[in-house]
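# Architecture and fold: a report
The chain contents come next:
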Amino acid sequence: QGQRLLLVKGAPESVLGRCSHALANADTPGDVAGRGGSSSRAAPPEGEVVAMTEGMRRSLLERMAQYGGAQALRCLALAFKPAARELGGSISPLDEAGLTFVAMVAMHDPPRRECAGAIQTCRRAGIRVIVVTGDNQATAEAVCRDIGALGIDAGLDPEQLTSLTGAEFDRLSPEQQVAASKSLAVFARVEPLHKLRLVELLRAQ
């Protein structure tokens, strides 16, 4: 119909933070969808756009954590909004505000079969393994437990191994970042600058 749409996919916690509405389906309870009332209220009609509430956002993030932690699935959130102008190759944070959440996709992307053996070989050689990934933290931790990267790092007490997100790392003081780099086993939801900072800290040790 000639309407421009901005289609967005990405980390659920990031996409949901930009959503003001959601596309309802049979799994959307009335109270969670922002229509008020008790939990017994009927769900809104499928396909109706409803206000995104904090309760709905929490419920979706809890589901993502369940998929990521218990099932080691990689999750993406899908959303859209009408585009008021021709976006071209330039999109600002304002363009991504006020999105309508559509769905969450969970994918099974198992690690290569040789990963666990390679990590064991590194450990025997005295090489410390740090997994740096853009994945959700719960997913990253579950995968790292499966391949032996979390809990059996070389030369470290498994109880002292840490898992951090890029956002958590940013909130640490410079001294705390130095300390964290010495026990870090899983570094999740990272951006390029986080990788650079980690390399700098490791080189300084």
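Refer to the preceding data block for the structure.
These remarks concern the structure in this document. (Residues numbered from 1 in each chain as written. Predicted model: local features only at pLDDT ≥ 70, side-chain atom pairs only at ≥ 80, totals over all residues. Heavy atoms only, no water.)

## With respect to the overall build of the chain
Secondary structure summary: the chain contains 7 helices and 8 strands in total. Taking all 205 residues of the chain together, the buried fraction comes to 35%. Contacts in the chain between residues far apart in sequence, at least 24 positions, make up 68% of those at least 6 positions apart. (Helix = DSSP H or I, 4+ residues; strand = E, 2+ residues; numbered from the N terminus. Buried < 20%, exposed > 50% of the residue type's maximum accessible area, 1.4 Å probe, protein only. Contact = heavy atoms within 4.5 Å.)

## Observations concerning the sheet that holds strand 5 (residues 99-107)
As summarised here, the arrangement of the 5 strands in space is 1-4-5-2-3, forming an open sheet in which the pairing is mixed. Only two strands of the sheet have a single partner each, and these edge strands are strand 1 (5-10) and strand 3 (49-51). Pairs of neighbouring strands in the sheet enclose a mean axial angle of 35°, with direction left out of account. As judged from the 3 bridges shared by strand 2 (residues 19-23) and strand 3, these two strands associate in the antiparallel manner. By the bridge assignment, A22 is partnered in strand 3 with V50. (Pairing = 2+ DSSP bridges. Axes fitted to C-alpha atoms, helices over the stretch in contact; angles between N-to-C directions.)

## Some details on the packing of helix 6 (residues 174-183) against helix 7 (residues 192-204)
At a minimum axis separation of 10 Å, helix 6 and helix 7 run at an interaxial angle of 80°. In terms of their interaxial angle, helix 6 and helix 7 are classed as roughly perpendicular. Residues Q177, V178 and S181 of helix 6 lie in contact with helix 7, whose contacting residues are R197, L198, L201 and L202. Across the contact of helix 6 with helix 7, the residue classes tally to 4 nonpolar, 2 polar and 1 charged. (Parallel < 35°, antiparallel > 145°, perpendicular 65-115°, else oblique. Nonpolar A, V, L, I, M, F, W, Y, C, P; charged D, E, K, R; others polar.)

## Here we look at the state of the cysteines
Under the counting rule described, the total for this entry stands at 0 disulfides. The closest cysteine sulfur to the non-disulfide-bonded C115 is located on C144, 9.6 Å from its own sulfur. Assessed through its relative accessible area of 25%, C115 is described here as partly exposed. (Disulfide = S-S within 2.5 Å.)

## Quick notes on helix 4 (residues 137-147)
Residues lying three or four places apart along an α-helix face the same way, a consequence of the helix completing one turn every 3.6 residues. The buried fraction of helix 4 amounts to 8 of the 11 residues, a majority that puts the element mostly inside the structure. Among the residues making up helix 4, those that are buried are Q137, A138, T139, A140, A142, V143, C144 and I147. The N-cap of helix 4, judged by a side-chain oxygen 2.9 Å from the amide nitrogen of A138 a few residues on, is N136. (Polar contact = N/O pair within 3.5 Å; in protein donor to acceptor, adjacent residues only side chain to side chain.)

## Quick look at the pattern of salt bridges
Inspection of the entire model under this criterion finds 6 salt bridges. The shortest N-O distance in the salt bridge between E13 and R189 comes to 3.2 Å. Of the two residues, E13 sits in helix 1 (residues 12-16) while R189 sits in the loop between strand 8 (184-188) and helix 7, which places them 176 residues apart along the sequence. According to the relative accessible area criterion, E13 is partly exposed, its value standing at 32%. Where R18 meets E96, a salt bridge forms, and the shortest distance between an N and an O atom there is 3.2 Å. Taken as a pair, R18 in the loop between helix 1 and strand 2 and E96 in the loop between strand 4 (74-82) and strand 5 lie far apart in primary sequence, 78 residues in all. By relative accessible area, which is 36% here, R18 ends up partly exposed. With relative accessibility at 23%, the residue E96 sits in the partly exposed group. Each of R74, D109 and D135 takes part in one network of salt bridges that share partners. (Salt bridge = Lys/Arg side-chain N within 4 Å of Asp/Glu carboxyl O.)

## Looking at the environment of M56
Mapping M56 onto the fold places it in helix 2 (residues 54-71). Residues M56 and A22, spaced 34 residues apart in sequence, show a C-alpha to C-alpha distance of 9.1 Å.

## Concerning the sheet that holds strand 8
The strand order 6-8-7 describes an open sheet built from 3 strands, whose pairing is parallel. The sheet terminates laterally at strand 6 (131-132) and strand 7 (162-165), the two strands that pair on one side only. Summarising the sheet, strand 6 and strand 8 pair through 2 bridges and their orientation is parallel. Pairing of V131 across the sheet is with V186, part of strand 8.

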